[in-house]
Amino acid sequence: MVICICRRINDEGVREAVRSGARCPDSVQAHHGQVFNCGRCRCAIGDIICEEVDRGQDQEVTLVAAE
Ligand code: FES
């Protein structure tokens, strides 16, 4: 699903940026060599960042519990 229409960044592109360390919408744009145009995607990118960070923390908790 396309998240940023202006810069053609889809949800997987946002997730990839987060896995590479992006933790804010501007960093996601920068990961793709872009900057915001209209900015309407900012909240949607933020939501995906939260989902990915939460998912990563869940995996860490699972790994620690398994040790
Ligand atoms: S939709 Fe992302 S900058 Fe316009």
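Further up the page is the structure itself.
Everything in this summary refers to the structure shown in the same document.

Reading the values: rules and limits
Residues numbered from 1 in each chain as written. Predicted model: local features only at pLDDT ≥ 70, side-chain atom pairs only at ≥ 80, totals over all residues. Heavy atoms only, no water. Helix = DSSP H or I, 4+ residues; strand = E, 2+ residues; numbered from the N terminus. Buried < 20%, exposed > 50% of the residue type's maximum accessible area, 1.4 Å probe, protein only. Contact = heavy atoms within 4.5 Å. Polar contact = N/O pair within 3.5 Å; in protein donor to acceptor, adjacent residues only side chain to side chain. Salt bridge = Lys/Arg side-chain N within 4 Å of Asp/Glu carboxyl O.

Further remarks concern the environment of Ile9. You can see Ile9 is positioned in strand 2 (residues 9-10). On the basis of relative accessibility, which here comes to 3%, the residue Ile9 falls in the buried class. C-alpha separation for the pair Ile9 and Ala44, spaced 35 residues apart in sequence, amounts to 11 Å. When neighbours within four sequence positions are excluded, Ile9 is seen to be in contact with Val2, Ile3, Cys4, Val14, Gln29 and His32.

Turning our attention to the side chain of Glu52. For Glu52, the location among the structural elements is in helix 3 (residues 42-66). Only 2.9 Å separates the side chain of Glu52 from the side chain of Arg15, close enough to count as a polar contact.

Summed over the entire model, instances satisfying the criterion amount to 6 salt bridges. Ionic pairing is found between Glu12 and Arg19, a salt bridge with its closest N-O pair at 2.5 Å. A relative accessible area of 40% means that Glu12 is categorised as partly exposed. On the accessibility criterion, Arg19 (55% relative accessible area) is exposed. The partner of Glu52 in a salt bridge is Arg55, and the shortest N-O contact between them spans 2.9 Å. Of this pair, Glu52 and Arg55 both sit in helix 3, separated by 3 residues, roughly a single helical turn.

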